[in-house]
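Fold and geometry: a report
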Amino acid sequence: MDIENLIKDTFTAHEPDVPDSDQVLAATRQRLDRRRAVVSPPLAAAAGVALLALAAVAVVALNRPAHDNEVATGTGPAALQAPAEAAIAELTMPYSLGWLPPGKADYLARRINVGGSAAHPDKPVYGGEYMLTVTSGPQVLLVDVQEMRMMPVDQAAFKSGPGKPVTIRGRAGVESSHSGGPGGYELHLTHPEGGSLYVNVAAQPGSTASAQQLIDAGRRVAENVTFPGKTTVTPAFGLGKLPDGLRMCTFDVEKNGPSGGPRTGYSLGTCSTLPPIHVHVGEPSQVSGTEGPPVQGHATRYQDENGYRTLWILKAVHDAPIAVAGRGAQAELSAIADHLVLPH
């Protein structure tokens, strides 16, 4: 079962109690800041790579289902679909979730394919992450599932104290639980391709959950993760043909962008080092520079700040601009912009 089915099944179980999407996203960003402040040194280094690789927080928040009375039957769509008029390719996550705690779920996900070697470019030190806020009545649980390919289980470190060995579905792991502390329930489970899969379930600040509830939820989430992933998300715009030597290294998609639609970002490069070029939806207030040649029928602005160049494509995603930015030559930025797949 893919995560879209789970989201569809759990979205509306407690719809009247759910905070609005802005509150959810704000809480998630606070959660990202808190978690980055307490992670272990190896994870902090990987998180630093992720942050440098992205122009903004790499997140995706999926839509609500169309119906309010669906239950956990697994009958939802296999993936969010792009609008019919926008032929934009969907993006695939490296693994899928098969179970979530009951309640209404808002989720965010990101994929960062940076750090792989030339021989194994699709095996990065950092892979994919799902972050969820699951609301059931007054209780709000925060669920984080991420690949830590650089963190073997025997080197696992926790926010809430020492861990203890555990075996889940035949795979060795280490877990720690401290329901009243910053960590909640944490698990490092052996990843089938090396490193570990990290699962964290905690109560949102201001909410409460027993230690056993967090343990049960975290273990069940881990039991139902499947590799490889089939989960897909639909961005606000796509990448077309890229200049030689460039490929997509990261993507991020956020549901509530500048004009109410999804905000999307990509980082482009060799993926063995930090990507040098970023392509993302921005805010109209960020646009500056001099007028340039039109791109795909859209007016542009071009800015050069000490060699860091930005090509703004105005009103590329409804009323929002797209920025193509980096230290590449203006011709390279223009070649990328000319081949973007924009919504009609």
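A count of helices and strands for the chain gives 5 helices and 16 strands. Counting across all 344 residues of the chain, residues that qualify as buried make up 53%. About 14700 Å² of surface is accessible on the chain, with carbon and sulfur atoms providing 53% of the total.

What follows concerns the packing of aromatic side chains. All chains considered together, the criterion is met by 3 aromatic pairs. With 5.2 Å between their ring centres and 80 degrees between their planes, Tyr95 and Tyr130 make a pair best called edge-to-face. Placement of Tyr95 in the loop between strand 1 (91-92) and strand 2 (104-112) and of Tyr130 in strand 3 (residues 126-136) is noted, with a sequence separation of 35 residues between them. With centroids separated by 5.3 Å and ring planes inclined at 80 degrees, the aromatic side chains of Phe237 and Tyr266 adopt a geometry described as edge-to-face. Placement of the pair is Phe237 in the loop between strand 9 (232-233) and strand 10 (247-254) and Tyr266 in strand 11 (residues 263-269), with a sequence separation of 29 residues. A single burial state applies to Phe237 and to Tyr266, both of which are buried. Aromatic ring contacts, followed pair by pair, group Tyr95, Tyr130 and Phe227 into a single cluster.

Note that Val199 resides in strand 8 (residues 196-203). Taking the relative accessible area as the measure of exposure, Val199 reaches 0% and is therefore buried. Each C-alpha atom of the pair Val199 and Ala217 lies 9.9 Å from the other, and the pair is 18 residues apart in sequence. Excluding residues within four positions of it along the chain, Val199 makes contact with Asp144, Val145, Tyr185, Glu186, Leu187, Gly218, Val221 and Ala222.

This paragraph deals with the side chain of Gln139. Among the secondary structure elements, Gln139 is positioned in strand 4 (residues 139-148). We classify Gln139 as buried; its relative accessible area is 19%. Apart from the residues within four sequence positions on either side, Gln139 is in contact with Val134, Ser207, Thr208, Ala209 and Gln213.

The next subject is the pattern of salt bridges. For the structure shown, the criterion picks out 3 salt bridges. Residue Glu193 is joined to Arg149 by a salt bridge in which the shortest nitrogen-to-oxygen separation is 3.6 Å. One end of the pair, Glu193, is in the loop between strand 7 (184-190) and strand 8; the other, Arg149, is in the loop between strand 4 and strand 5 (164-168), and 44 residues separate them in sequence. For the salt bridge of Asp304 with Arg309, the shortest nitrogen-to-oxygen distance reads 3.3 Å.

Of note, Pro162 is situated in the loop between strand 4 and strand 5. As for Pro162 and Glu175, which are separated by 13 residues in sequence, their C-alpha atoms are 8.4 Å apart.

As a further point, take the pairing of strand 7. With 6 of its 7 residues buried, strand 7 lies for the most part within the structure. Here 6 bridges tie strand 6 (residues 171-178) to strand 7, and the two strands are oriented antiparallel to one another. Of the residues in strand 7, the one forming a bridge with Gly173 is Leu189. As paired elements, strand 7 and strand 8 share 6 bridges and run antiparallel to each other. Looking at strand 8, one finds that Glu186 is bridged to Asn200.

The next subject is the pairing of strand 16 (residues 320-326). On a regular strand, one side chain projects to one face of the sheet and the next to the other, so that they alternate. Counting buried residues along strand 16, 7 of its 7 residues qualify, which places the element largely inside the surrounding structure. Burial of strand 16 is two-sided: the residues Ala320, Ile322, Val324 and Gly326 facing one way and the residues Pro321, Ala323 and Ala325 facing the other way are all buried. Pairing analysis gives 5 bridges linking strand 12 (residues 277-281) to strand 16, with the strands arranged antiparallel. Paired with Val281 across the bridge in strand 16 is Ile322. By the bridge criterion, 6 bridges tie strand 15 (residues 308-317) to strand 16 in an arrangement that is antiparallel. Of the residues in strand 16, the one forming a bridge with Trp312 is Ala323. Hairpin remark: strand 15 followed by strand 16, antiparallel, with 2 residues in the connecting loop; positive phi at His318, about 60 degrees.

A few words now on the nonpolar core. Ranked by internal contacts, the top residues of the largest apolar core, which has 55 residues, are Val145, Phe237, Val279, Ile322, Val324 and Leu340. It is helix 4 (residues 211-223) that provides the largest number of residues to this core, a total of 5 residues. Those residues in contact with Val145 that sit more than four places away from it in its chain are Tyr95, Leu97, Gly128, Glu129, Tyr130, Leu197, Tyr198, Val199, Val221 and Val225.

Turning our attention to helix 5 (residues 330-338). Among all positions of helix 5, only Leu333, Ile336 and Ala337 are buried. End-on, the buried residues of helix 5 take up no more than an arc of 100 degrees, which puts them together on one face.

In this section: the confidence of the model for the chain. This prediction gives the chain a mean pLDDT of 74; 67% of its residues lie at or above 70. Between residues 1-86, whose pLDDT stays under 50, and residues either more than four places distant or in other chains, the model counts 181 contacts.

With 13 residues, helix 4 ought to run about 18 Å at 1.5 Å a step, and its terminal C-alpha atoms sit 18 Å apart, in line with that. For helix 4, the full list of buried residues reads Leu214, Ile215, Ala217, Gly218, Val221 and Ala222. In the core, the buried residues of helix 4 are packed alongside strand 4, strand 5, strand 6, strand 7 and strand 8.

About the cut-offs
Residues numbered from 1 in each chain as written. Predicted model: local features only at pLDDT ≥ 70, side-chain atom pairs only at ≥ 80, totals over all residues. Heavy atoms only, no water. Helix = DSSP H or I, 4+ residues; strand = E, 2+ residues; numbered from the N terminus. Buried < 20%, exposed > 50% of the residue type's maximum accessible area, 1.4 Å probe, protein only. Areas by Shrake-Rupley, 256 points an atom, 1.4 Å probe, with all protein chains shown as cover. Phe/Tyr/Trp six-rings, centres within 6.5 Å; stacked < 30°, edge-to-face > 60°. Contact = heavy atoms within 4.5 Å. Salt bridge = Lys/Arg side-chain N within 4 Å of Asp/Glu carboxyl O. Pairing = 2+ DSSP bridges. Core = buried A, V, L, I, M, F, W, Y, C linked by side-chain atoms within 4.5 Å. Arc of directions from axis to C-beta. pLDDT = per-residue confidence, 0-100. Expected span 1.5 Å × (residues − 1).

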